[in-house]
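Residue strings, one per chain:
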Amino acid sequence: MKDQVSTKAEKDAVLAATIVKGLGGLGNITDVDNCITRLRVEVKNGSLVDEDVLKWANPVGIVTSGRGVQVIYGPRATAVANALRAYLQNPVEVDLDASQAAAAEVSAAPARVPTVVRAPLAGEVIPLSAVEDKAFAAGMVGPGLAIRPTRTASQLLVSPVDGEVILVFRTKHAIGIKSDTGVELLVHVGLDTVKLKGEGFETLVEKGDIVQAGTPLMRFDPAIIEAAGYKLTTPIIVTNATKVGDPLPVAGDIVKQGNGLFVVL
């Protein structure tokens, strides 16, 4: 391996090798999955997981529970999971001293004017700390607010800003948007709804689509989600807050769809 990690393939290999080492080695990993924000890994022996080593791979958070490990990356999670799967299929020897160069930074232009982020659906506004998910509640994915949607037979989710769709997750439950002012947002409908594998969701946009605030993004069926045992709580997250600033809440306890939720100054 070269002294300096220079290509994307080399960076991916170093990143994956670091994660594997942190998870206790190749022989300790039994399953790798991911949702839009995190790796979900099952290991044989949880005591072999080394969170200090996992931190070399620059996640934004780590949640462990017995044999289950969640490594939080925000919208980068799918790319990281693909790098890890490729490495598991074809392990190569890498220089882990170069691991800090493996995590690509998320680039975005700083917001030059205040960005009003509007409620993508109506409901009760709650702080992230009240969300029934450790990663969201601890702010590992990023700062923001969550909405417990008003219950209807079917629900329409609309864009909270003018901008571009930058991510539509394969299981349709989450969408990423970059505003015209450079604020990157993740709207995640429900908790652990990745496990529904798209059932109960219909996306109405594709990656690359240009949208305005109020443009329909997806439909979802609350009855299907709740019948499967999942909560409808919907976090709206600023994923590049380190570049554009933290959101300032402007909504009250209840918000109507399309009204102001928070502002990024």
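Summarised in this report is the structure supplied together with it. (Residues numbered from 1 in each chain as written. Predicted model: local features only at pLDDT ≥ 70, side-chain atom pairs only at ≥ 80, totals over all residues. Heavy atoms only, no water.)

For the rest of this paragraph, the subject is the environment of H188. Looking at where H188 falls in the secondary structure, it is placed in strand 11 (residues 184–188). Placed 44 residues apart in sequence, H188 and L232 show a C-alpha to C-alpha distance of 9.6 Å. The contact partners of H188, leaving out residues within four places of it in the chain, are I36, T37, F136, H173, A174, T193, T233, T234 and P235. Only 3.3 Å separates the side chain of H188 from the side chain of H173, close enough to count as a polar contact. (Helix = DSSP H or I, 4+ residues; strand = E, 2+ residues; numbered from the N terminus. Contact = heavy atoms within 4.5 Å. Polar contact = N/O pair within 3.5 Å; in protein donor to acceptor, adjacent residues only side chain to side chain.)

With that out of the way, let us pick up the pairing of strand 10 (residues 174–179). The element strand 10 is largely enclosed, with a buried count of five among its six residues. The antiparallel pairing of strand 9 (residues 163–168) with strand 10 creates a hairpin that spans five residues between the two strands, and K172 there sits at a positive phi of about 70°. Here strand 10 pairs with strand 11 via five bridges, running antiparallel. Paired with A174 across the two strands is H188, which belongs to strand 11. (Buried < 20%, exposed > 50% of the residue type's maximum accessible area, 1.4 Å probe, protein only. Pairing = 2+ DSSP bridges.)

Of all the five residues making up strand 11, five are buried; the element is thus mostly covered by neighbouring parts of the structure. What you see with strand 11 is no split at all: E184, L186 and H188 on one side and L185 and V187 on the other are buried throughout. Of the pairings in the sheet, the one linking strand 11 to strand 15 (residues 234–238) comprises three bridges and is antiparallel in character. The residue bridging L185 from the neighbouring strand is V238, located in strand 15.

Here we take up helix 1 (residues 8–22). Taking 1.5 Å of rise per residue, 15 residues should cover 21 Å, and helix 1 covers 21 Å from first to last C-alpha, within 8% of that figure. Buried residues belonging to helix 1 abut strand 1 (29–34), strand 2 (38–43), helix 2 (51–54) and helix 3 (77–89). (Expected span 1.5 Å × (residues − 1).)

Before going further, it helps to examine the sheet that holds strand 9. Across the sheet, which stays open at both edges, the eight strands sit in the order 13-9-10-11-15-7-6-17 with antiparallel pairing between neighbours. At either end of the open sheet lies a strand with only one pairing partner, and these are strand 13 (210–211) and strand 17 (254–255). Taken together, the two bridges between strand 6 (residues 123–127) and strand 17 define a ladder with antiparallel strand orientation. Looking at the pairing, G123 lines up with V255 of strand 17.

Now for the environment of A174. For A174, the location among the structural elements is in strand 10. A C-alpha to C-alpha distance of 9.4 Å links A174 and T37, two positions 137 residues apart in sequence. Look past the residues within four positions of A174 in its chain and what remains in contact with it is I36, L167, V168, F169, L186, V187, H188 and M218.

All right, on to the pattern of salt bridges then. Enumeration over the complete set of coordinates arrives at eight salt bridges. Of the charged contacts, one joins R67 and E42 as a salt bridge, the two residues approaching to 3.0 Å between their closest N and O atoms. Residue R67 is found in the loop between strand 3 (61–65) and strand 4 (68–72), and its partner E42 is found in strand 2; the two are separated by 25 residues along the sequence. A salt bridge links E132 to R148; the nearest nitrogen and oxygen atoms lie 3.2 Å apart. Note that E132 is positioned in the loop between strand 6 and helix 4 (134–137) and R148 in strand 7 (residues 144–149), a separation of 16 residues in sequence. Judged by relative accessible area, E132 falls into the partly exposed class, the value being 36%. When its relative accessible area of 29% is taken as the criterion, R148 is described as partly exposed. (Salt bridge = Lys/Arg side-chain N within 4 Å of Asp/Glu carboxyl O.)

To continue, consider the side chain of N28. Within the secondary structure layout, N28 lies in the loop between helix 1 and strand 1. Ignoring sequence-local partners within four residues, the contact set of N28 consists of L23, E42, V43, K44, N45 and L48.

Formed by 33 residues in total, the largest nonpolar core has its most connected members in L157, F220, V238 and F262. For this core, the secondary structure elements donating two or more residues are strand 7, strand 10, strand 11, strand 14 (216–220), strand 15, helix 6 (241–244) and strand 18 (260–264). Once you skip the residues sitting within four places of it in the chain, V238 turns out to touch G142, P143, V183, E184, L185, V244, G245, P247, F262 and V264. (Core = buried A, V, L, I, M, F, W, Y, C linked by side-chain atoms within 4.5 Å.)

In total, this model carries one aromatic pair according to the counting rule given. A cation over an aromatic ring shows up here: R38 above the ring of F136, its NZ or CZ 5.3 Å from the ring centre. (Phe/Tyr/Trp six-rings, centres within 6.5 Å; stacked < 30°, edge-to-face > 60°. Lys NZ or Arg CZ within 6 Å of the ring centre and 35° of its normal.)

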